[in-house]
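The primary structure of each chain is shown beneath.
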Amino acid sequence: MNLDDMYEPNRRDEAAREGGKQSGENNAPLADREVPLPPVATLDHVHRWLDGEAPEPTGLRGEQARSLEFWHRMEEETDRRRRVVTPPYLADRIMAALPQTASATAIAPWWKKDMNLSPAAVVALAVGAFSLGLIAMRLVTG
Amino acid sequence: MKSTVPADQVDQVDADQEIIARVLSGDRDAFSILIHRYSDPLFRHALGMTGSPDVAEDILQMSFIKAYSHLAEVRGRFDAWVFRIVANGCKDWLKNIRRTHLSYDEDDQPTGYANPEEELDLTELRSDLDRALQTLPVSLREAFVMKHVEGRSYEEMAELLSTTVGALKMRVHRAREALQALLEEKYA
């Protein structure tokens, strides 16, 4: 039967002082007897917490702890800004400044617009195109 | 590409389209529904970008007038479309203010806080954060304001700014690091 022995560490020290032999358990590597520390958080953990992708980091020290404290203060301020609302008079001011009618048709670029040509313009364009064709043909045939 | 728009957003788009149709058919007053529906997040954006409530109000007014004048051109989400008008209005204002070296009134503080006593206690932090934000490049400030002040998700930001989630995360992280470097000594 195994019993918990509260005085084991003291005995171990005594044994060490006496230079006596230690039990097999006492010969275990030091790492096996240590309580593992939480992983050291980096600035990346703080970013992930601020991004809502990770829980708030714990066990921070030094620079990281200061960073966390800093962002807690900034979050208080940004939360307040998130509650800011439009001044109540603004909607009326905008409505009063609107033109009388909204544009019912989209403003299309010139190449998408319908083209209106008079018969005279069509004849002029045809004569122009025919003349250009003649000139081009003469240039090609020499 | 397959669109994965949430159902409530689809309803919202339909509701907006219905109002737009009413406005285009001559019901001018219906436009005020759209103003009330979207002005708060847009005002917060303009305020975060410019740091001045007066300028934010002017940008919002000009943006809604522009939206009204070009209402027939809306395709898809009205809120995303009007957001882009406001965001461009803010960028234009920032460009002009840099060019002319005009400075707006630094005492011109945001309005609309819930509790006036709370406001007094935090005036210093608020103005320090405003000043620090003004030193950031526009793209970093925009990303920080959208994430921390408007509380938008990276996915929503990516859709509104037509960029990637990764690029926005990078901008927000760089903005945080810059702000921390400027303000940590006083506030940590």
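## Here we look at the overall build of chain A
- Scanning chain A from N- to C-terminus turns up five helices and zero strands.
- For chain A, the succession of helices and strands along the chain, N to C, is α-α-α-α-α.
- Within the span of chain A, comprising 142 residues, buried residues form 13% of the whole.

## Describing the interface of chain B and chain A
- Counting from both sides, the interface comprises 42 residues of chain B and, opposite them, 31 residues of chain A.
- Taken together, the elements giving at least two residues each to the side of chain B that touches chain A come down to α1 (7-24), α2 (31-50), α3 (53-69), α6 (123-135), α7 (138-149) and α9 (165-187) of chain B.
- Among the elements that line the side of chain B that touches chain A, the one with the most residues is α2(B), at ten residues.
- Its residues placed into classes, the side of chain B that touches chain A shows 21 nonpolar, 13 polar and eight charged.

## Here we look at the nonpolar core
- Among the nonpolar cores identified, the biggest contains 41 residues, and L42(B), A46(B), I59(B), L60(B), V86(B) and A143(B) are the most heavily contacted of them.
- When residues of this core are traced back to their parent elements, those giving at least two are α2, α3, α4 (78-100), α7, α8 (154-161) and α9 of chain B.
- Sorting elements by how many residues they give to this core places α2(B) first, with nine residues.
- Non-local contacts of L60(B), meaning those with residues more than four positions away in its chain, are made with L90(A), S39(B), L42(B), F43(B), A46(B) and V86(B).

## A few points about the packing of helix α4 (residues 90-97) of chain A against α3(B)
- Contact geometry for α4(A) and α3(B): axes closest at 10 Å, N-to-C directions at 45°. Regarding the angle of α4(A) to α3(B), the classification is oblique. In this structure, α4(A) crosses over α3(B), and the sense of that crossing is right-handed. On the side of α4(A), the interface is formed by L90(A), R93(A), I94(A) and A97(A), while α3(B) contributes E57(B), L60(B), Q61(B), F64(B) and I65(B).

## Considering α9(B)
- A181(B) marks where α9(B) bends most, by close to 45°.
- Buried within α9(B) we find L168(B), R171(B), V172(B), A175(B), R176(B), L179(B), Q180(B) and Y187(B).
- The inward-facing, buried residues of α9(B) abut α2 (43-50) and α3 (62-82) of chain A together with α6, α7 and α8 of chain B.

## Some points on the packing of α2(A) against α3(A)
Residue and element names in this part refer to chain A.
- One way to put it is that α2 packs onto α3 with a least axis distance of 9 Å and a crossing angle of 20°. Comparing their axes, α3 and α2 come out roughly parallel. In terms of crossing hand, the pair formed by α2 and α3 is right-handed. Here α2 contributes L43, V46 and L50 to the contact with α3, which in turn contributes Q64, S67, L68 and W71.
- Of the residues that constitute the contact of α2 with α3, the class distribution is five nonpolar, two polar and no charged.

## Overview of unusual backbone geometry
All names here are of chain B.
- Unusually for a residue other than glycine, S162 sits at a positive phi of about 50°.
- Locating S162 in the fold gives a position in the loop between α8 and α9.
- Residue classification places S162 among the exposed residues on the basis of 8 C-beta atoms within 10 Å.

## Quick notes on the confidence of the model for chain A
Residues and elements named next belong to chain A.
- For chain A, per-residue confidence averages 74 on the pLDDT scale, and residues scoring 70 or more make up 61% of the total.
- Summarising per-element confidence for chain A, the mean pLDDT is lowest in helix α1 (residues 8-18) (49) and highest in α4 (95).
- In this model, residues 1-13 is a region of pLDDT below 50 whose contacts with residues beyond four sequence positions or in other chains number two contacts.
- Across residues 19-25, where pLDDT falls below 50, the model places four contacts with residues more than four positions away in sequence or in other chains.

## Re the environment of W81(B)
Residue and element names in this part refer to chain B.
- By secondary structure assignment, the location of W81 is in helix α4.
- Judged by local crowding, W81 falls into the partly exposed class, with 17 C-beta atoms found within 10 Å.
- Along the backbone, W81 and A67 are 14 residues apart, and their C-alpha atoms lie at a distance of 8.5 Å.

Rules used in this analysis
Residues numbered from 1 in each chain as written. Chains lettered and ligands numbered in written order. Predicted model: local features only at pLDDT ≥ 70, side-chain atom pairs only at ≥ 80, totals over all residues. Helix = DSSP H or I, 4+ residues; strand = E, 2+ residues; numbered from the N terminus. Buried ≥ 20, exposed ≤ 12 C-beta atoms within 10 Å, placed from the backbone. Contact = placed C-beta atoms within 7 Å. Nonpolar A, V, L, I, M, F, W, Y, C, P; charged D, E, K, R; others polar. Core = buried A, V, L, I, M, F, W, Y, C linked by C-beta atoms within 7 Å. Axes fitted to C-alpha atoms, helices over the stretch in contact; angles between N-to-C directions. Parallel < 35°, antiparallel > 145°, perpendicular 65-115°, else oblique. Left-handed = near helix turned anticlockwise from the far one by under 90°. Bend = angle between axes of the 7 residues up to and from the residue. pLDDT = per-residue confidence, 0-100.

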